[in-house]
Amino acid sequence: MAVLRCTLTLLLLTLVLGVNKAKSQSFIGVNYGQVADNLPSPAATAKLLQSTSIQKVRLYGSDPAIIKALANTGIGIVIGTANGDIPALASDPNFAKNWVNANIVAYYPSSKIILINVGNEVIMSGDNNLISQLLPAMQNVKNALDAASLGDKVKVSTVHSMALLKQSEPPSSGCFDPSFGDVLKGLLAFNNANGSPFAINPYPYFAYRSDPRPETLAFCLFQPNSGRVDANTKIKYMNMFDAQVDAVRSALNAMGFKNVEIVVAETGWPYKGDSDEVGPSIENAKAYNGNLIAHLRSMVGTPLMPGNSVDTYLFALYDEDLKPGPTSERSFGIFKSDLTMIYDIGLSQSSQTPVETPAMPKTPVTPSSQPKKAAWCVPRAGVSDAELQASLDYACGHGIDCSPIQPGGACFEPNTIASHAAYAMNLFYQTAGRNPWNCDFSQTAMLSSNNPSYNGCTYPGGST
């Protein structure tokens with residue numbers, strides 16, 4: 001029922017806004033950092049964003065040129081206050097009022113500002129004075145928004161590092177470091193009272209870097225893998241993103257804040273690094289971001305938050321060539337400064353699915369002399385929803401047309417993972433060459449001579 005309610009809400013929202021459902025993907029955002037000296041103009045960037053399915057942009061500051069350029073585009077804008085502004089925001093309500101008037105009121109509503117992040121990863125800064133002033137600063141910003149009659153339109157939050165978690169594995173045992181307990185309780189009470197999100201920065205890339213085994217890479221890239229079972233819940237996780245987000249969900253639940261929404265403020269994968277860095281490559285970056293987008297578009301959610309996609313901001317729109325550190329720090333961009341793609345992950349409005357990412361390993365097969373017969377690729381019995389979801393994400397992330405299993409499509413009902421996965425796996429098999437290894441999906445699928453088509457939903461059929 002939760003999946004159905006979410007789907008109905010999504011459909012209603014699409015109808016009300018009059019937006020093509022294939023382009024209405026409000027859960028996909030992007031970070032727009034500016035630590036660079038070669039960035040395109042804000043106007044050119046606004047046009048670029050309008051040509052994509054990206055619906056939200058997160059800024060680390062409140063650059064007026066960018067906010068103006070995004071006016072009347074319908075793109076949601078997240079802006080930030082500098083950590084250095086927190087003491088003034090906390091101690092002087094007039095400073096907060098002037099800040100809101102200058103950075104929000106002056107542009108709203110033509111510029112669709114939806115969230116203010118007060119500071120970035122403040123708790124992990126180690127500055128106890130700054131940490132103690134974070135909540136008062138957020139409260140003063142909220143009061144200033146209320147005074148401007150924008151308190152119910154623009155939310156206030158802050159962004160946290162995953163380092164806040166003392167434990168994250170297995171996901172059901174996720175808990176925050178108790179040394180931050182009192183601070184977090186205050187911040188989460190604010191989030192809960194005001195309906196604002198808990199923003200977090202999960203990076204499977206860093207998890208792989210600390211455990212550079214092939215099976216860990218596949219787990220981080222949403223590629224076929226054996227999965228990891230949470231011994232407490234018996235849930236088999238098929239990708240690191242879900243595991244990290246659910247660890248945060250468990251930590252929030254453990255503190256009594258089950259209703260606080262999670263937003264992924266940053267996640268990404270570098271496409272280039274130094275010779276001694278493990279993991280950066282165009283192939284890996286394309287696989288991570290492309291398969292993540294496919295996962296979000298499937299609307300399956302995570303095992304602990306099914307039926308809804310967490311708002312996720314990819315890192316990043318462009319490279320930031322002035323950042324210090326290793327090459328990877330400057331190589332998270334999806335687009336070049338000339339506005340062309342560094343790699344294609346299916347963000348353009350004319351291409352809603354990523355182009356080919358690394359293929360599944362092929363198993364040699366001995367040719368058969370038997371007569372060919374009609375065959376369809378279907379899930380094996382007893383396969384878990386988590387495994388089917390991984391296969392669904394894989395298939396839809398490899399260029400096939402999954403619109404029939406999206407809301408309004410001929411094969412959307414029944415709205416179950418098993419039904420959607422069956423359609424996607426079969427279509428992948430039929431279009432990838434109809435070889436037995438195209439219907440393997442880490443041993444979650446099999447060939448069948450029974451046509452699974454039903455009602456108005458037609459499964460393409462082939463021969464074997």
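Under an unreviewed UniProt entry, the name given to the protein is glucan endo-1,3-beta-D-glucosidase, and the source organism is Theobroma cacao. On record in UniProt, under Sequence similarities (unreviewed entry), the comment for the protein is "Belongs to the glycosyl hydrolase 17 family." One UniProt comment on the protein, placed under Catalytic activity (unreviewed entry), says "Hydrolysis of (1->3)-beta-D-glucosidic linkages in (1->3)-beta-D-glucans."

Draft legend 1. Inspection of the overall build of the protein at higher detail. Each helix and strand in the protein was counted, giving 13 helices and 17 strands. Restricting to contacts in the protein with at least 6 residues of sequence separation, those with at least 24 account for 72%. Summed over its atoms, the accessible surface of the protein is roughly 19,500 Å², and 53% of this surface lies on carbon and sulfur atoms.

Draft legend 2. Here's a closer look at the state of the cysteines. Counted according to the given criterion, the structure contains three disulfides. Two residues share a disulfide in this structure: Cys377 and Cys439, whose sulfurs sit 2.1 Å from each other. Here Cys377 and Cys439 share a disulfide; its torsion about the S-S bond, 90 degrees, makes the bridge right-handed. With Cys377 in strand β15 (residues 374-379) and Cys439 in the loop between α13 (417-432) and β16 (445-448), the pair connects residues that are 62 residues apart, well separated along the chain. By relative accessible area, which is 6% here, Cys439 ends up buried. In this model, Cys411 is linked to Cys457 through a disulfide, with the two sulfur atoms separated by 1.9 Å. Across the S-S bond linking Cys411 and Cys457, the dihedral sits near 105 degrees, which makes this disulfide right-handed. Here the residue Cys411 occupies a position in the loop between α12 (385-396) and α13, and Cys457 occupies one in the loop between β16 and β17 (462-463), the gap between them amounting to 46 residues. Described in terms of the sequence order of its bonded cysteines, the disulfide pattern of the protein is 1-5, 2-3, 4-6.

Draft legend 3. Broad picture of the nonpolar core. Membership of the largest hydrophobic core comes to 96 residues, with the highest contact counts inside it found for Ile79, Ile104, Ile116, Val118, Leu145, Phe198 and Trp269. The residues touching Ile116, leaving out its near neighbours within four places in the chain, are Ile79, Thr81, Trp99, Ile104, Val141, Leu145, Val154, Lys155, Val156 and Ser157. Within the second largest apolar cluster, 28 residues are counted, among which are Val383, Leu388, Cys402 and Ile405.

Draft legend 4. Region of interest: helix α2 (residues 42-50). Buried within α2 are the following residues: Thr45, Ala46, Leu48 and Leu49. For α2, the angular spread of the buried residues around the axis is 160 degrees, confining them to a single face. The elements touched by buried residues of α2 are β1 (28-32), β2 (56-59) and α3 (64-69).

Draft legend 5. Summary view of helix α10 (residues 240-254). Taking 1.5 Å per residue, 15 residues should reach 21 Å; α10 reaches 21 Å between its end C-alpha atoms and fits that length. Measuring from the backbone nitrogen of Phe241 back to the side-chain oxygen at the start of α10 gives 3.2 Å, which picks out Asn239 as the cap. Residue Gly256 follows α10 closely and has a positive phi angle near 90 degrees.

Draft legend 6. Focus on the pattern of salt bridges. Scanning all chains against the criterion turns up eight salt bridges. A salt bridge links Lys236 to Glu387; its shortest N-O distance comes to 3.3 Å. Of this pair, Lys236 sits in strand β10 (residues 236-237) while Glu387 is found in helix α12, placing the two residues 151 residues apart along the sequence. Overall, Lys236 belongs to the partly exposed group, its relative accessible area being 25%. For Glu387, a relative accessible area of 19% puts it in the buried group. Linked through salt bridges whose partners overlap, the residues forming this network are Asp211, Arg213 and Glu215.

Draft legend 7. Structural view of the side chain of Ser448. You can see Ser448 is positioned in strand β16. In this structure the side chain of Ser448 is engaged in a polar contact, spanning 3.0 Å, whose partner is the backbone nitrogen of Asn450. Once residues lying within four places of it in the same chain are set aside, the contact partners of Ser448 are Ala374, Ala375, Trp376 and Val378.

Draft legend 8. Focus on the sheet that holds β2. With respect to topology, eight strands assemble into a closed barrel ordered β1-β2-β3-β4-β5-β8-β11-β14, the strand pairing being parallel. Across the sheet, the mean angle from the axis of one strand to that of its neighbour is 25 degrees, orientation sign disregarded. As defined by bridge partners, strand β3 (residues 76-81) adjoins strand β4 (residues 113-120) across five bridges and the pair is classed as parallel. Each residue of the ladder has a partner; that of Ile79, found in β4, is Ile116. Where helix α6 (residues 128-147) meets the sheet, its contacts fall on β4 and β5 (155-161), and the angle it forms with β5 comes to roughly 155 degrees. Packing against the sheet, helix α11 (residues 282-297) makes contact with β1, β11 (262-267) and β14 (312-314), and its axis sits at approximately 160 degrees to β14.

Conventions we followed
- Residues numbered from 1 in each chain as written.
- Predicted model: local features only at pLDDT ≥ 70, side-chain atom pairs only at ≥ 80, totals over all residues.
- Heavy atoms only, no water.
- UniProt positions renumbered as here; feature names shortened; annotations may be inferred.
- Helix = DSSP H or I, 4+ residues; strand = E, 2+ residues; numbered from the N terminus.
- Contact = heavy atoms within 4.5 Å.
- Areas by Shrake-Rupley, 256 points an atom, 1.4 Å probe, with all protein chains shown as cover.
- Disulfide = S-S within 2.5 Å.
- Buried < 20%, exposed > 50% of the residue type's maximum accessible area, 1.4 Å probe, protein only.
- Core = buried A, V, L, I, M, F, W, Y, C linked by side-chain atoms within 4.5 Å.
- Arc of directions from axis to C-beta.
- Expected span 1.5 Å × (residues − 1).
- Polar contact = N/O pair within 3.5 Å; in protein donor to acceptor, adjacent residues only side chain to side chain.
- Salt bridge = Lys/Arg side-chain N within 4 Å of Asp/Glu carboxyl O.
- Pairing = 2+ DSSP bridges.
- Axes fitted to C-alpha atoms, helices over the stretch in contact; angles between N-to-C directions.

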